[in-house]
Amino acid sequence: MKWSKAFIPTVKETPQDADIVSHKLMVRSGLIHKLSSGLYSYLPLGLMVIRKIESIIKEEMSKKDAIELLMPILQPKEIWLKSERYEMMSEVMLKANDRENREFILGPTHEEIITDIVAHKIDSYRSLPKNFYQIQAKFRDEIRPRFGVIRAREFIMKDGYSFSMTQIESEKIYQDMYEAYGVIFKRCGLDCAVIEADTGVMGGRKSHEFTALADVGEDTVVSCKSCTYAANMELAKRQVQEKSIMGIRQDPLIEVSTPGMKRVEELTDFFSCGPMCFIKTLIYKGDEKIYAVLIRGDLEVNENKLRHYLKEQVINLAEAEEIIRITGADVGFSGPIGLKDIPLIADISVRNMTNAITGANKNNLHYKNVNPGRDCVIYDYLDIGFPVTGDLCPNCNDELVFKRGIEVGQVFQLGTKYSSKLSAVLQNEKREDVPLIMGCYGIGVSRTVAAIIEQNHDEFGIIWPMETAPFKVIVIPLVYKDEIKKTADMIYDRLRSNNVEVLMDDRNERPGFKFADADLIGIPIKVIIGKKTLQEGKIEIKIRKTGEVQKISPDHLINKINELITSL
RNA sequence: CGGGGCGUAGCGCAGUCCGGUUAGCGCGCCUGCCUUGGGAGCAGGAAGCCGAUGGUUCGAAUCCAUUCGCCCCGACCA
């Protein structure tokens, strides 16, 4: 492609509405153009990159015998009522009515649709397992679109769904997809953490997230300094560092007057000690039961973990009046001592606390020198807090570290949630009706572009990893005239006839201008043709990433380029 | 949805408090000259319903009200 024929609207100034690197660079290098909040057009260069990623995905999917299909974006409301997800997903679904006033939604995902296909078209267990996928625009009416293409409302996603008769088969596919994802993101040039993840609205039993590490990411990855343990914030297990509290004497319990002091900050001043000296007591309600949850004053309860451990469907903080009824005191003065008939659930951070401060379940009073075990009976110690710096790995006891990342892929074991609701049920060889066991596997294609840029750029622009580069080579004639033009044309033709994806900057611009654009759009290899080097019978090759320059004879160019393409 | 910010030429911005000729600047664009190894220089030029609507006023980009859009923080999140 010659630049003059292409459409690559680069801009020097950084766009006003972008504040992360990938977004700025995608706009500046002419990859995308915003139509409206969360809606982006992919301009030719951007689409080329998308296609590169898609073809990597397709290759790796097909190696694992996954098969591609395409489902409608518009979906009838009824099917979502059937799967009982309409309410849950209602907020992110854009609704639309047709001329007959039938109700439709713009599909945020396709579990329902694929399950419907399978329910109708697969009639024997002998045809299973099957693993389908599609690559398509999805629409989610995000509460707050942001970070350019990273959290857009319309975005391109590869979504895959597997159907199996047995758990073992299903796990095999899960494993296959897990492996394929690793390869895909590696080929995309991404440094990904694979982490244990929450299944969220998808439901199901097991899930891993592929998260591209980047400072701007929306996800926090919790990982171990030395072993392979990694999880997202929601799921991360942890051990609490045991301070050397051995030998600290348990002092006698004292009641202290604390008029009007409800918040930990107010109390830290009063008692002149840090929040770590306090035990927060939170009253939670499950479906029916009530729990008192204890956690160290500086930590937050992870309600997901709590709900999970307590085997409750929902778990909520009690209302103010209920707290008064249960504890006998206002919010802010709850404590573990004297709570009758309510199980005390303590976070592991409480286990080794000595002489702590807690509410007294009487207004304007706190207890000092509270020692769990001595002063109250803890029903159970559980890991129900969010990890913080200083917490230790659940596996190996080394330190946990925290990194930000962009979630680019996630794999789920779904179980039979959708198959049973949408009657994807088959008889097995024992003539028993079995709902199919499903898995689902997503890749955010468009946000992968942003993630690649986050990880591969410098002050001058994008540095495309070879496999995702829209062009491998850019030919830059310093002046597109005379001998230089002739040589440039010749080299351009030669590269093209050797199937090298090449862009030639044939514009009548000054060299510096062309160099800056080439750097901005991130083409991995520059071939520079200038008067001086040409007089030596040479042309120049410059590597975008390293800046390394070599001069070679035009005759050796093709070999050299091919060598660079495979080695970079 | 709560909090904050911003809408002025294609892009980035000044002007708005404190109303007053013809609304500016940089980049980009067009013409010409010149230049060609890291976003050149000179000369000339085109381009704006000052987001929209309504009000106040002799007079509104500027003040008031309403409204729409966009961005950031939070809640939320394959």
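Basis of the calculations
Residues numbered from 1 in each chain as written. Chains lettered and ligands numbered in written order. Predicted model: local features only at pLDDT ≥ 70, side-chain atom pairs only at ≥ 80, totals over all residues. Heavy atoms only, no water. Helix = DSSP H or I, 4+ residues; strand = E, 2+ residues; numbered from the N terminus. Buried < 20%, exposed > 50% of the residue type's maximum accessible area, 1.4 Å probe, protein only. Contact = heavy atoms within 4.5 Å. Areas by Shrake-Rupley, 256 points an atom, 1.4 Å probe, with all protein chains shown as cover. Salt bridge = Lys/Arg side-chain N within 4 Å of Asp/Glu carboxyl O. Pairing = 2+ DSSP bridges. Core = buried A, V, L, I, M, F, W, Y, C linked by side-chain atoms within 4.5 Å. Domains from an automatic or database assignment. Near = heavy atom within 4 Å. Polar contact = N/O pair within 3.5 Å; in protein donor to acceptor, adjacent residues only side chain to side chain. Nonpolar A, V, L, I, M, F, W, Y, C, P; charged D, E, K, R; others polar. Arc of directions from axis to C-beta. Phe/Tyr/Trp six-rings, centres within 6.5 Å; stacked < 30°, edge-to-face > 60°. Axes fitted to C-alpha atoms, helices over the stretch in contact; angles between N-to-C directions.

1. Some details on the overall build of chain A
Here comes step 1: Assigned secondary structure in chain A consists of 15 helices and 31 strands.
Here comes step 2: Projected onto its principal axes, the C-alpha coordinates of chain A cover approximately 95 × 65 × 45 Å.
Here comes step 3: The buried share of chain A, taken over its 568 residues, is 52%.
Here comes step 4: For chain A, the proportion of contacts with a sequence separation of at least 24, taken over those separated by at least 6, is 70%.
Here comes step 5: Just so you have it, chain A exposes about 27100 Å², and 49% of that area is on carbon and sulfur atoms.

2. Considering the pattern of salt bridges
Here comes step 1: Under the counting rule described, the total for this entry stands at 43 salt bridges.
Here comes step 2: A salt bridge links Lys172 to Asp176; the shortest N-O distance between them is 2.9 Å. Linking Lys172 with Asp176, this pair stays in helix α6 (residues 167–187), spanning four residues, or about one helical turn.
Here comes step 3: For Lys362, the salt bridge is made with Glu255, and the minimal N-O distance between the two is 2.8 Å. Note that Lys362 is positioned in the loop between β18 (356–359) and β19 (365–370) and Glu255 in strand β13 (residues 254–257), a separation of 107 residues in sequence.
Here comes step 4: Here the residues in one salt-bridge network are Glu59, Glu60, Lys63, Arg187 and Glu467, joined through shared partners.

3. Topic: the pairing of strand β7 (residues 130–139)
Here comes step 1: Summarising burial for β7: eight of the ten residues are buried, a large majority.
Here comes step 2: Both strand β3 (residues 67–68) and β7 contribute to a ladder of two bridges, which runs parallel. Note that in β7 the partner of Ile67 across the bridge is Phe132.
Here comes step 3: Note: β7 against strand β8 (residues 154–164), ten bridges, orientation antiparallel. Residue pairing for β8: Tyr133 is matched across the bridge by Gly160.

4. Brief notes about the nonpolar core
Here comes step 1: With 56 residues, the main nonpolar core has Leu31, Met61, Tyr181, Ile184, Val449 and Trp464 as its most contacted residues.
Here comes step 2: Looking at this core, you find at least three residues from each of domain 1 (21–206 + 410–453) and domain 3 (471–567).
Here comes step 3: Residues within four places of Met61 in sequence aside, it is in contact with Ala66, Tyr133, Lys158, Met177, Ala180, Tyr181 and Ile184.
Here comes step 4: Counting 26 residues, the second largest nonpolar core, distinct from the first, contains Met71, Ile113, Val118 and Val434.

5. Structural notes on the protein's contact with RNA strand B
Here comes step 1: Around RNA strand B, a shell composed of 44 residues is seen, among which Arg140, Arg151, Asp519, Glu540 and Lys542 lie nearest.
Here comes step 2: Considering the 4 Å shell around the protein, atoms of RNA strand B inside it are sugar or phosphate in 46% of instances.
Here comes step 3: Contact between RNA strand B and Lys34: a sugar or linking oxygen at 2.9 Å from a side-chain N or O atom of the residue.
Here comes step 4: Arg151 is positioned such that a nitrogen or oxygen atom in its side chain is 2.4 Å from a base oxygen of RNA strand B.
Here comes step 5: Where the surface near RNA strand B is concerned, the elements lending two or more residues are β1 (32–36), β8, β21 (400–415), β24 (437–444), α13 (511–521) and β30 (539–543).
Here comes step 6: Considering each element in turn, the surface near RNA strand B owes the most residues, eight residues, to α13.
Here comes step 7: Classifying every residue of the surface near RNA strand B by side-chain character gives 16 nonpolar, ten polar and 18 charged.

6. Overview of helix α9 (residues 320–327)
Residues three or four positions apart in an α-helix share a direction because the helix packs 3.6 residues into each turn.
Here comes step 1: Taken as a whole, α9 has its buried residues at Glu322, Ile323, Ile326 and Thr327. The buried residues of α9 occupy an angular sector of 110 degrees when the element is viewed end-on, so they sit on one face. Of the exposed residues in α9, those oriented more than 90 degrees away from the buried face are Glu321 and Arg325.
Here comes step 2: In this structure, the buried residues of α9 make contact with β14 (279–285) and β15 (290–296).

7. Description of the packing of aromatic side chains
Here comes step 1: Within the structure shown, the criterion is met by seven aromatic pairs.
Here comes step 2: Where Phe132 meets Phe163, the ring centres are 6.3 Å apart and the plane angle is 65 degrees; that geometry is what we call edge-to-face. In this pair, Phe132 sits in strand β7 while Phe163 sits in strand β8, placing the two residues 31 residues apart along the sequence. Phe163 shares its class with Phe132; the two are buried.
Here comes step 3: Ring centres 5.1 Å apart and planes at 85 degrees place the aromatic pair Phe270 and Phe271 in the edge-to-face group.
Here comes step 4: The class for Phe270 is partly exposed, based on a relative accessible area of 39%.
Here comes step 5: With a relative accessible area of 13%, Phe271 lands in the buried category.
Here comes step 6: Members of the aromatic cluster, each reached through a chain of ring pairs, are Tyr178, Tyr181, Phe185 and Phe210.

8. Observations concerning the sheet that holds strand β4 (residues 74–76)
Here comes step 1: With antiparallel pairing, three strands are arranged side by side in an open sheet as β4-β6-β5. Edge positions in the open sheet fall to β4 and β5 (94–97), since each of these has one partner strand only. Geometrically, the sheet is characterised by an average inter-axis angle of 40 degrees between neighbouring strands, direction not taken into account.
Here comes step 2: The pairing of β5 with strand β6 (residues 103–106) spans four bridges and is antiparallel. From the neighbouring strand, Asn97 faces β6, where its bridge partner is Glu103.

9. Some details on the sheet that holds β13
Here comes step 1: Overall, antiparallel pairing links the three strands, which are arranged β13-β19-β18 in an open sheet. Edge strands, defined here as strands with exactly one partner in the open sheet, are β13 and β18. Across the sheet, the mean angle separating the axes of adjacent strands is 30 degrees when strand polarity is ignored.
Here comes step 2: Bridging between β13 and β19 involves four bridges; their strand directions are antiparallel. Within β19, the residue paired with Glu255 across the bridge is Tyr367.

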